[in-house]
Amino acid sequence: GRIAAQMIQYPFAGDKKYASSWTDKAFTYQQAAQSGFLSKTNSFFFDEDGYHGYCHSPGKGYCWSYTACLQEMLKWLCSQPETADHCCPNEEVRHACQQDVNGKDCNVCWDTKGVETFAEDDQFIIPAPAQEVDHETLDFIRPDEADQEIYAAAAAS
């Protein structure tokens with residue numbers, strides 16, 4: 001609930017304008033730093049209410065900040081009991097995220113830097129147990145007749 005409310009109230013795309021100048025890019029890099037000295041000078045973390053100081057605030061954004069905010073969203077989803085089953089890569093990360101969503105052990109994404117065998121075109125399949133999805137959820141996410149009419153009209157225009 002809280003992350004959805006934040007995304008509606010403070011959407012990344014609506015509040016983070018493109019950092020077009022080199023100065024803006026450098027400032028954005030500092031604001032989205034997640035480790036090292038620069039991370040001590042920014043608000044790139046969740047507070048006790050789940051508000052993310054960078055991702056849900058107005059300012060400039062660039063490719064690295066967008067990627068970093070997606071990672072942060074996945075960390076938050078892994079930390080929440082109602083979404084952890086679907087969003088945590090394993091039990092260790094789930095436990096770490098539930099203990100401290102800002103902690104270094106709450107890491108739901110792979111760091112591919114320095115992995116010699118990594119290639120952009122490779123696909124990684126993480127085995128995950130099959131989970132039942134209730135019909136109410138499926139009905140919500142599947143387009144109904146009204147949605148289909150809107151899609152058809154948009155495609156025709």
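See the structure printed just above.
For the structure given in this document, a descriptive report is provided here.

1. Examining the state of the cysteines
Here, the word disulfide means a covalent bond between the sulfur atoms of two cysteines. Inspection of the entire model under this criterion finds 2 disulfides. One disulfide in the model links Cys-78 with Cys-88; its S-S distance is 2.0 Å. The sign of the S-S torsion, about 120 degrees, decides the handedness of the disulfide formed by Cys-78 and Cys-88: right-handed. You can see Cys-78 sitting in helix α5 (residues 63-79) and its partner Cys-88 sitting in the loop between α6 (81-87) and α7 (91-99), a full 10 residues away along the chain. Across the pair, exposure class does not vary: Cys-78 and Cys-88 are buried alike. In this model Cys-97 forms its disulfide with Cys-106; the gap between the sulfur atoms is 2.0 Å. Taking the sign of the torsion about the S-S bond as the criterion, the disulfide between Cys-97 and Cys-106, at about 95 degrees, is right-handed. Taking relative accessible area as the criterion, Cys-97 reaches 1% and is therefore assigned buried. You can see Cys-109 has no disulfide; the closest cysteine sulfur is in Cys-106, sitting 9.8 Å from it.

2. Here's the deal with the environment of Gly-50
Within the secondary structure, Gly-50 is located in the loop between α4 (36-39) and β2 (59-61). Residue classification places Gly-50 among the buried residues on the basis of a relative accessible area of 2%. Along the sequence, Gly-50 and Val-101 sit 51 residues apart, while their C-alpha atoms lie 9.1 Å from each other.

3. Quick look at the packing of α5 against α7
Interhelical geometry of α5 versus α7 gives an angle of 90 degrees and a closest axis separation of 8 Å. Taken together, the axis directions place α5 and α7 in an arrangement best described as roughly perpendicular. Along its contact with α5, which presents Lys-75, Cys-78 and Ser-79, the element α7 presents Val-93, Arg-94, Cys-97 and Gln-98. Class assignment for the residues of the contact of α5 with α7 results in 3 nonpolar, 2 polar and 2 charged.

4. Let's talk about the pattern of salt bridges
Scanning the model with the defined rule gives 5 salt bridges in all. Ionic pairing is found between Arg-94 and Glu-91, a salt bridge with its closest N-O pair at 3.8 Å. With Arg-94 and Glu-91 both in helix α7, this residue pair falls 3 residues apart, about one helical turn. We classify Glu-91 as exposed; its relative accessible area is 57%. Among the ionic contacts, a cluster of salt bridges with common partners joins Asp-85, Glu-91 and Arg-94.

5. A look at the nonpolar core
Grouped together as the largest cluster of nonpolar side chains are 10 residues: Phe-46, Trp-76, Cys-78, Ala-84, Cys-88, Val-93, Cys-97, Val-101, Cys-106 and Val-108. Sorting the residues of this core by element identifies α5 and α7 as the ones contributing at least two each. Apart from the residues within four sequence positions on either side, Cys-88 is in contact with Cys-78 and Arg-94. Of all hydrophobic cores here, the second largest spans 6 residues; its members include Ala-32, Phe-44, Tyr-54 and Cys-55.

About the criteria used
Residues numbered from 1 in each chain as written. Predicted model: local features only at pLDDT ≥ 70, side-chain atom pairs only at ≥ 80, totals over all residues. Heavy atoms only, no water. Disulfide = S-S within 2.5 Å. Helix = DSSP H or I, 4+ residues; strand = E, 2+ residues; numbered from the N terminus. Buried < 20%, exposed > 50% of the residue type's maximum accessible area, 1.4 Å probe, protein only. Axes fitted to C-alpha atoms, helices over the stretch in contact; angles between N-to-C directions. Parallel < 35°, antiparallel > 145°, perpendicular 65-115°, else oblique. Contact = heavy atoms within 4.5 Å. Nonpolar A, V, L, I, M, F, W, Y, C, P; charged D, E, K, R; others polar. Salt bridge = Lys/Arg side-chain N within 4 Å of Asp/Glu carboxyl O. Core = buried A, V, L, I, M, F, W, Y, C linked by side-chain atoms within 4.5 Å.

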